[in-house]
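Below, each chain spelled out in residue letters.
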Amino acid sequence: MGGDAARADARPAADAPADSADGGTLPDAPPPDAAPVTIADPDDAGSGATLFRAGAADPAGPYFTALGANGRSCATCHDRAAGWTVTPAGLEARFDATDGTDPIFRLVDGAVSPTADVSTVAARRTAYAMLLGKGLIRIGLPIPAGAEFTLFAVDDPYGYATAAELSLFRRILPATNLGFAATLMWDGREPSLAHQATDATTGHAQAASADPQQMATIVAFESSLETAQVTDRIAGALDGSGASGGPATLAQQPFHLGINDPDAGGFTRDVFTLYAAWAALTGGDAATARRLAIARGEVLFDTKTFAISGIPGSPDRAAATCSTCHDTPGTGGHSLDETMSLGLDESGHRTSDQPLYTLRRTSDGTTVQTTDPGRALITGKWADIGRVQVPALRGLAMRAPYFHSGVAPTLASVVDFYNTKFSIGMTATEQADMTAFLEAL
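Here the residue numbering is sequential within each chain, running from 1 through the sequence in written order. Totals for whole chains, interfaces and linings use every residue, but because this is a predicted model, local features are given only for residues with pLDDT of at least 70 and side-chain atom pairs only at 80 or more, for both listing and counting. Heavy atoms from the whole structure form the basis of all side-chain values; hydrogens and water molecules are not counted.

Observations concerning the pattern of salt bridges
No. 1: What makes a salt bridge here is a side-chain nitrogen of Lys or Arg within 4 Å of a carboxyl oxygen of Asp or Glu, nothing more. Tallying each qualifying case throughout the model produces 20 salt bridges.
No. 2: The closest approach of N and O atoms between Asp 384 and Arg 387, which form a salt bridge, is 3.2 Å.
No. 3: Relative accessible area serves as the criterion here: at 8%, Asp 384 is assigned to the buried category.
No. 4: Each residue is assigned to one of three classes by its accessible area relative to the maximum for its type, calculated with a 1.4 Å probe on protein chains only: buried under 20%, partly exposed between the two thresholds, exposed over 50%. Accessibility expressed as a relative area gives 17% for Arg 387, which makes it buried.
No. 5: Three or more residues are tied together by salt bridges with common partners; here these are Arg 170, Asp 187, Arg 189 and Asp 372.

Quick notes on the nonpolar core
No. 1: What we call a nonpolar core is a set of buried Ala, Val, Leu, Ile, Met, Phe, Trp, Tyr and Cys residues that are connected through their side-chain atoms within 4.5 Å. In terms of nonpolar packing, the biggest core is built from 40 residues, with Tyr 275, Ile 294, Met 434, Phe 437 and Leu 438 touching the most fellow members.
No. 2: Elements represented by at least two residues in this core include exactly α8 (286–303), β8 (306–308), α9 (322–325), α11 (411–421) and α12 (428–439).
No. 3: Only heavy atoms enter the contact rule, under which two residues are in contact if any of them lie within 4.5 Å. Non-local contacts of Leu 438, meaning those with residues more than four positions away in its chain, are made with Phe 301, Leu 396, Leu 411 and Val 415.
No. 4: Counting residues in hydrophobic clusters, the runner-up holds 32 residues, among them Phe 95, Leu 131, Leu 136 and Phe 169. Helix and strand definitions follow DSSP, with helices as H or I runs of at least four residues and strands as E runs of at least two, each counted in order from the N terminus.

Focus: the layout of surface pockets
No. 1: Definitions used for this entry: grid spacing 1 Å over protein atoms alone; cavity, a set of points where a 1.4 Å probe fits but cannot get out; pocket, an open set with protein on both sides within 12 Å along at least 5 of 7 lines; lining residue, one with an atom within 4 Å of a point. Grid points are joined across faces, edges and corners, and a volume is the space filled by probe spheres set on the points. The calculated volume of the second largest pocket comes to roughly 470 Å³.
No. 2: Surrounding the second largest pocket, 24 residues form its lining, Asp 43, Asp 44, Ala 397, Met 398 and Ala 400 being those nearest its centre.
No. 3: For the lining of the second largest pocket, the element with the most residues is helix α2 (residues 88–98), which contributes five residues.
No. 4: The residue makeup of the lining of the second largest pocket, split by class, is 15 nonpolar, four polar and five charged. For this classification, the nonpolar set comprises Ala, Val, Leu, Ile, Met, Phe, Trp, Tyr, Cys and Pro, the charged set comprises Asp, Glu, Lys and Arg, and every other residue, Gly included, is treated as polar.

What to know about the sheet that holds strand β7 (residues 236–237)
Pairing between sheet strands relies on hydrogen bonds along the backbone, with the strands arranged either parallel or antiparallel.
No. 1: What the four strands build is an open sheet, ordered β1-β2-β6-β7; its pairing is antiparallel. Because the sheet does not close on itself, it has two edges, and the strands there are β1 (37–43) and β7.
No. 2: Strands were regarded as paired on the criterion that DSSP finds at least two bridges between them. Pairing of strand β2 (residues 46–52) with strand β6 (residues 225–232), which is carried by seven bridges, proceeds in the antiparallel orientation. Bridged to Ala 49 within β6 is Ala 228.

Here's the deal with the sheet that holds strand β4 (residues 149–155)
No. 1: As summarised here, the arrangement of the three strands in space is β4-β11-β12, forming an open sheet in which the pairing is antiparallel. Because the sheet does not close on itself, it has two edges, and the strands there are β4 and β12 (367–370). Taking each pair of neighbouring strands and ignoring which way they run, the sheet shows an average axis angle of 25 degrees.
No. 2: Pairing of β4 with strand β11 (residues 356–361), which is carried by six bridges, proceeds in the antiparallel orientation. Residue pairing for β11: Phe 149 is matched across the bridge by Arg 361. Structural elements are reduced to axes, namely lines fitted to C-alpha atoms, with helices fitted over the stretch in contact, and the angle between N-to-C directions of any two is expressed from 0 to 180 degrees.

Thoughts on empty space enclosed by the protein
No. 1: Overall, the coordinates contain two cavities of 30 Å³ or more when judged by the stated rule.
No. 2: By volume, the second largest cavity is sized at about 50 Å³.
No. 3: If you go around the second largest cavity, the residues you meet are Phe 169, Gln 354, Pro 355, Thr 371, Asp 372, His 404 and Ser 405.
No. 4: Across the lining of the second largest cavity, the residue classes break down as two nonpolar, four polar and one charged.

Observations concerning the pairing of β2
A regular strand places its side chains so that they alternate between the two faces of the sheet.
No. 1: Of all seven residues that make up β2, seven are buried, and the element is covered over most of its length.
No. 2: Two elements, β1 and β2, share seven bridges in a ladder whose sense is antiparallel. Bridge pairing in β2 places Ala 40 opposite Ala 49.
No. 3: What sits between β1 and β2 in their antiparallel hairpin is a turn of two residues.

Now the structure itself:
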């Protein structure tokens, strides 16, 4: 519920009963033999779909119920139609329909600061600008006790952040496909999905307490979801002509921590083979051309090599591929509980609406500027500044914008960023093929 992401602690089998944290069967969880239900939602690339492995969602269940004091439920911030997160377009519609009083628009984390003026519609539009513009919520975290650094200076356009509570603006990660995730939250701060649901209920929903039974039911529900793109606006059905796109195949994908660790034996760079059958298609129609582009993009993702160096959280590599970091088969997440930094937190990537923090290392006085210290605010380690999780890639087209700070408005801009960042050398055609592939995930 709420927050900036979630994962399941273990991937349950499709026919396994939903269990509480102490192993007891939940009486109000969906029955384990319920028929799966698939619901599709349109997006700019075609449509995404969610497979409810344990049967239809209970609209009266705790996931969809306001459990706190401010009217929010898990579904407030994790909307199925937006890939179980939120998008600026959807948020604009909610703002316009309610004059900015929908439960997602709350000072606790939806505004640029907890002290922002929300007395008028115009004031609310200003106060919730980060949420409306990029789908970002504010996470308030302190410099941890005993950290290897201190806050030397702060430039917060909203006049709120201090060492006691930095303002971090982050995308809400999707509450689906959680059985494949190795890291919980962008900064890895939660030890379990049940713990995260509890913190979200008492934090984002502002409840006085959280009922363990309700939290376990939320976990069981979220753990039953698989979401993926199911149709492409030009290629059509993504499971046609031998392809295996869509959530049904995803639900059968095995996973365990470290399943495809690039630094362990047995690593395969062929993380995605969903559209291998399309590489041999022939024909001059638009649908076939699009399918061929998707297939070429998949091959590029798995095999196009480039050098990686100086990336905190990743060893230097002379011949990496996209699948080196996005190594989880079939989903493209990272199969280990690790975080990395692409430098998007650095001052050179700052936009004027983001706070900028100058951190000083206690040992030698070295300073660094960052918009989001990431994992370092949890561990207190200088080496962790800017490190965030590598998110999974299924259902991408449903949930723009991208990266933890929402700085990439489209998947084409994501591809362009990587092509420039790592000097990959993709041609314009290759970038278009890669974008087509990502839109088909």
